Amino acid sequence: MNVISSSAECVSATDRGLSYGDGLFETIRMEGDRAVLLSRHLQRMVADAAVLGIVVTESELRDAVRVAVATHAGTFSSGSWVLKLVLTRGSGGRGYRPAAEGVPNLVVSASAMPPLPGPEGVAAGLSDFPLTVNPRLAGIKTLNRLEQVMASRELTDELYELVMCGADGRLVEGTRTNVLMKLSDRWVTPPREQLAVAGVMRGHVMDYLVHQGEAVEYSTIPLSMLRDAGCQGLYLMNSVMGIVPVRKFDDLDLPVNDALATIFNPLDLVEI
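Residues numbered from 1 in each chain as written. Predicted model: local features only at pLDDT ≥ 70, side-chain atom pairs only at ≥ 80, totals over all residues. Heavy atoms only, no water.

**Student:** Even after reading the chapter, I still don't get the overall build of the protein chain, so can you show me in this structure?
**Tutor:** Secondary structure assignment for the protein chain yields 5 helices and 15 strands. Here the C-alpha radius of gyration of the protein chain, 19 Å, is about what a compact globule of 272 residues would show, namely 19 Å. Expressed as lengths along the three principal axes of its C-alpha atoms, the size of the protein chain is roughly 55 × 40 × 40 Å. The burial tally for the protein chain puts 51% of its 272 residues in the buried class. Put simply, of all contacts in the protein chain between residues at least 6 apart along the chain, 71% involve residues at least 24 apart. (Helix = DSSP H or I, 4+ residues; strand = E, 2+ residues; numbered from the N terminus. Rg over C-alpha atoms; globule rule 2.2 N^0.38 Å. Buried < 20%, exposed > 50% of the residue type's maximum accessible area, 1.4 Å probe, protein only. Contact = heavy atoms within 4.5 Å.)

Here is the structure:
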């Protein structure tokens, strides 16, 4: 595997990630020299790379993270920053068919932590751009994110996120978040097989709820459920921002429930 620093080197014009979106990425929240939910991120990248036929080991990825930490951790005065790993199949010439043997590229970059929403919740809306998911690639964080790019063009300054629907008109996920609804008797989140990205934070939250003996339903969320009397809250989550309640969805005011407020403390989830 070739490790490429985004600040020091250029990616080849023949890289298949650039040409065809032939690869994956992980966006990892960092707290100083430690990473939040690092094992989940690296295990997902290794597993999803195997689906694509890209060979990489967790040990190789950890080594790259250590080098990135040594290079970038002292750069950000707040102590919080974001590490991005982009894994591609490497260079493979012209044409869709990949070479029988190739050397993957790992592009490593660092950026400042974006502003995080407060506990009062955020405003979100419904995207007009539909989300389609190939069942054989469901949940995998590939470089093919054009639908999310197009939906994000609808964002306004008043909205923190847009939630996308599947072909059946039900809520599936945000452009950069997974969604979770709290009902009076259960939690509801779309199943992995209908997701474009099965997020690391989603995995952490769902494991927590199951461990606590909470009732969990895996299904897409009809818009009518937002107006149901049993709706106790809608959450957005990803591995950088954590978990945030939605206080307003388009013209609908939603209850802000603090049921998940105590389960995400990034300092409790860091790994070296």
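**Student:** I tried to follow the pattern of salt bridges on my own but got confused; where do I start?
**Tutor:** Oppositely charged side chains can form a pair if their charged atoms are brought close together. Applying the stated criterion across every chain yields a total of 14 salt bridges. Between R176 and E161 there is a salt bridge, with the nearest N and O atoms lying 3.9 Å from each other. Of this pair, R176 sits in the loop between strand 8 (171–174) and strand 9 (178–183) while E161 sits in strand 7 (residues 161–165); the two residues are 15 residues apart in sequence, bridging distant segments of the chain. On the accessibility criterion, R176 (40% relative accessible area) is partly exposed. With a shortest N-O distance of 3.6 Å, R227 and D251 are connected by a salt bridge. With R227 in the loop between strand 11 (216–218) and strand 12 (231–238) and D251 in the loop between strand 13 (242–249) and strand 14 (252–253), this pair connects stretches of sequence that are 24 residues apart. Comparing R227 with D251, the two get one shared label, exposed. (Salt bridge = Lys/Arg side-chain N within 4 Å of Asp/Glu carboxyl O.)

**Student:** Would you take a moment to explain the packing of helix 2 (residues 38–52) against helix 5 (residues 200–211) for this structure?
**Tutor:** Relative placement of two packed helices is described by the angle separating their axes and the distance separating the axes. At their nearest, the axes of helix 2 and helix 5 sit 10 Å apart, and the two run at 120° to each other. For helix 2 against helix 5, the interelement crossing comes out right-handed. Facing R40, H41 and R44 of helix 2, the residues of helix 5 in contact are V200, G203, H204 and D207. Grouping the amino acids of the contact of helix 2 with helix 5 by side-chain chemistry returns 1 nonpolar, 3 polar and 3 charged. (Axes fitted to C-alpha atoms, helices over the stretch in contact; angles between N-to-C directions. Left-handed = near helix turned anticlockwise from the far one by under 90°. Nonpolar A, V, L, I, M, F, W, Y, C, P; charged D, E, K, R; others polar.)

**Student:** Help me out: how do you make sense of the packing of helix 2 against helix 3 (residues 58–72) in this one?
**Tutor:** Look at helix 2 against helix 3: their axes get within 9 Å of each other, and the N-to-C directions meet at 130°. Comparing the axis directions of helix 2 and helix 3 gives the class oblique. Considering only the axes of helix 2 and helix 3, their crossing is right-handed. Listed contacts from helix 3 to L38, S39, L42, Q43, M45 and V46 of helix 2 are E58, L61, R62 and V65. For the contact of helix 2 with helix 3, the residue count by class is 6 nonpolar, 2 polar and 2 charged. (Parallel < 35°, antiparallel > 145°, perpendicular 65-115°, else oblique.)

**Student:** What's the story with the nonpolar core in this structure? I'm lost.
**Tutor:** Most often, soluble globular proteins have nonpolar side chains that are buried together. One finds L83, L85 and L87 to be the most contacted residues of the largest nonpolar core, which totals 25 residues. Every element with two or more residues in this core is listed here: strand 2 (23–31), helix 2, helix 3, strand 4 (80–88) and strand 5 (105–112). Dropping the residues within four chain positions of it, L85 is found in contact with L24, F25, E26, I28, L42, M45, V65, L106, V107 and V108. Within the second largest apolar cluster, 22 residues are counted, among which are V179, L183, M225 and C231. (Core = buried A, V, L, I, M, F, W, Y, C linked by side-chain atoms within 4.5 Å.)

**Student:** Even after reading the chapter, I still don't get helix 2, so can you show me in this structure?
**Tutor:** Since the α-helix turns once every 3.6 residues, residues separated by three or four places project in the same direction. Here helix 2 is 15 residues long and its end C-alpha atoms lie 21 Å apart, about the 21 Å a rise of 1.5 Å per residue gives. For helix 2, every residue scored as buried is listed here: L38, S39, H41, L42, R44, M45, D48, A49 and L52. In this structure, the buried side of helix 2 is in contact with strand 2, strand 3 (34–36), helix 3, strand 4, helix 5 and strand 15 (270–271). Backbone geometry just after helix 2 places G53 at a positive phi near 80°. (Expected span 1.5 Å × (residues − 1).)

**Student:** Sorry, what's going on with the packing of aromatic side chains here?
**Tutor:** Under the counting rule described, the total for this entry stands at 3 aromatic pairs. Ring centres of Y20 and Y96 lie 5.2 Å apart, and the angle between their planes is 65°; this geometry places the pair in the edge-to-face category. Of the two residues, Y20 sits in helix 1 (residues 16–20) while Y96 sits in the loop between strand 4 and strand 5, which places them 76 residues apart along the sequence. With a centroid separation of 5.6 Å and an interplanar angle of 10°, the aromatic rings of F76 and W81 are classed as stacked. Among the residues examined, F76 registers a relative accessible area of 17% and is labelled buried. (Phe/Tyr/Trp six-rings, centres within 6.5 Å; stacked < 30°, edge-to-face > 60°.)

The values are spatial; any link to function lies outside them.
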